[in-house]
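Breakdown of the fold
So you can see what is in the structure, the chains are spelled out below.
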Amino acid sequence: MVEQRTVAFNEDPVCGMTVDPDEGRARGLASTSQDRECLFCGKGCFLEFRDDPETFLATGFGARSWDPSCASDSSIGREGAYEAV
Ligand SMILES: [Zn+2]
């Protein structure tokens with residue numbers, strides 16, 4: 001059994017971005033893993049998580065804001081990130 005870190009219900013576990021749950025579900029960027037729902041800012045994070053959910057939920061994992069596959073960029077902002085998917 002892998003120990004899991006705490007991820008907010010509206011937090012993208014891959015990049016740490018805050019995601020609007022309704023928007024995420026509407027865009028199909030929600031994944032249920034190990035009895036909890038995870039939401040993602042974009043398809044890149046979504047697919048990465050689906051490949052290996054345990055990695056992103058493990059304690060000690062730090063949100064990878066440097067991940068080039070993730071559209072989150074503080075200079076773009078949330079709206080821009082959604083558009084970039
Ligand atoms: Zn993300």
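Counting from 1, residues in each chain are numbered in the order their sequence is written. Given that this is a predicted model, residues contribute local features only at a pLDDT of at least 70 and side-chain atom pairs are listed and counted only at 80 or more, while totals for whole chains, interfaces and linings are drawn from all residues. The basis for every side-chain value is the complete set of heavy atoms in the structure, and neither hydrogens nor water enter the calculation.

Quick word on the nonpolar core
Going by this rule: Residues grouped as a nonpolar core are buried Ala, Val, Leu, Ile, Met, Phe, Trp, Tyr and Cys residues, joined through side-chain atoms within 4.5 Å. Each residue is placed in one exposure class: buried if its accessible area under a 1.4 Å probe, protein chains only, is under 20% of its type's maximum, exposed if it is over 50%, and partly exposed if it falls in between. The numbering of helices and of strands both runs from the N terminus, where a helix is a DSSP run of H or I of at least 4 residues and a strand a run of E of at least 2. It only takes one pair of heavy atoms within 4.5 Å for two residues to be counted as in contact.
Within the largest apolar cluster, 16 residues are counted, with the highest numbers of intra-cluster contacts made by Val14, Phe40, Cys41, Cys45 and Phe49. Residue assignment for this core shows that the elements contributing at least two residues are β2 (36–39), α2 (43–51) and α3 (53–57). When near neighbours in sequence (up to four residues on either side) are disregarded, Phe49 contacts Pro13, Val14, Ser31, Ser33, Cys38, Phe40, Phe56 and Leu57.

Observations regarding the confidence of the model for the protein chain
Interpretation of the predicted coordinates at a detailed level should be avoided for regions scoring low in pLDDT. Keep this limit in mind: The pLDDT value expresses, per residue, how confident the predictor is, ranging between 0 and 100.
Overall, the predicted model of the protein chain reaches an average pLDDT of 79, with 71% of residues at or above 70. Note on residues 73–85: pLDDT under 50 across the span, and 18 contacts to partners over four residues away in sequence or across chains.

What about the pattern of salt bridges?
In plain terms, the rule: Salt bridges are counted wherever a side-chain nitrogen of Lys or Arg sits within 4 Å of a carboxyl oxygen of Asp or Glu.
Counting across every chain of the model gives two salt bridges. With its nearest N and O atoms 3.6 Å apart, the salt bridge here joins Asp22 to Arg25. Highlighted residues: Asp22 and Arg25, both in helix α1 (residues 21–26), separated by three residues, approximately one helical turn. For Asp22, a relative accessible area of 58% translates into the label exposed. On the accessibility criterion, Arg25 (41% relative accessible area) is partly exposed.

Concerning the coordination of the zinc ion
What counts here: Donor atoms are limited to N, O and S found within 2.8 Å of the metal ion, a distance that becomes 3.2 Å for Na, K and Ca. With water left out, some sites might look partial. Between 85 and 135 degrees for all angles marks four donors as tetrahedral; over 155 degrees for opposite donors together with 65 to 115 for all other angles marks four donors as square planar and six as octahedral; every other arrangement is irregular.
On the protein side, the zinc ion has Asp12 (OD), Cys15 (SG), Cys41 (SG) and Cys45 (SG) as donor atoms, found 2.1 to 2.3 Å from it. Geometry at the zinc ion is tetrahedral, judged from its four donor atoms and the angles of 94 to 128° they form at the metal. Motif for the zinc ion, donor spacing along one chain: D-x2-C-x25-C-x3-C.

A few points about the packing of aromatic side chains
We apply this condition: Here is the rule: rings of Phe, Tyr and Trp (six-membered ring for Trp) pair when centre to centre is within 6.5 Å. Planes less than 30 degrees apart are stacked, more than 60 are edge-to-face, and the remainder are tilted.
All chains considered together, the criterion is met by four aromatic pairs. Measuring from centroid to centroid gives 5.0 Å for Phe40 and Phe49, while their planes differ by 45°, and the two rings are tilted. As far as burial versus exposure is concerned, Phe40 and Phe49 are alike and both buried. The interplanar angle of 85° and the centroid separation of 5.1 Å between the aromatic rings of Phe56 and Phe61 together place this pair among those described as edge-to-face. Judged by relative accessible area, which is 4%, Phe56 ranks as buried.

Here's the deal with the pairing of strand β1 (residues 30–33)
So the rule is basically this: At least two DSSP bridges between two strands are needed for those strands to be called paired.
Side chains Ser31 and Ser33 of β1 all project onto a buried face; the interleaved residues Ala30 and Thr32 project onto a face where none is buried. Two elements, β1 and β2, share four bridges in a ladder whose sense is antiparallel. The partner of Ser31 across the bridge, within β2, is Cys38. Where β1 folds back onto β2 in an antiparallel hairpin, the turn is made up of two residues, including Gln34, whose phi is positive at roughly 50°.

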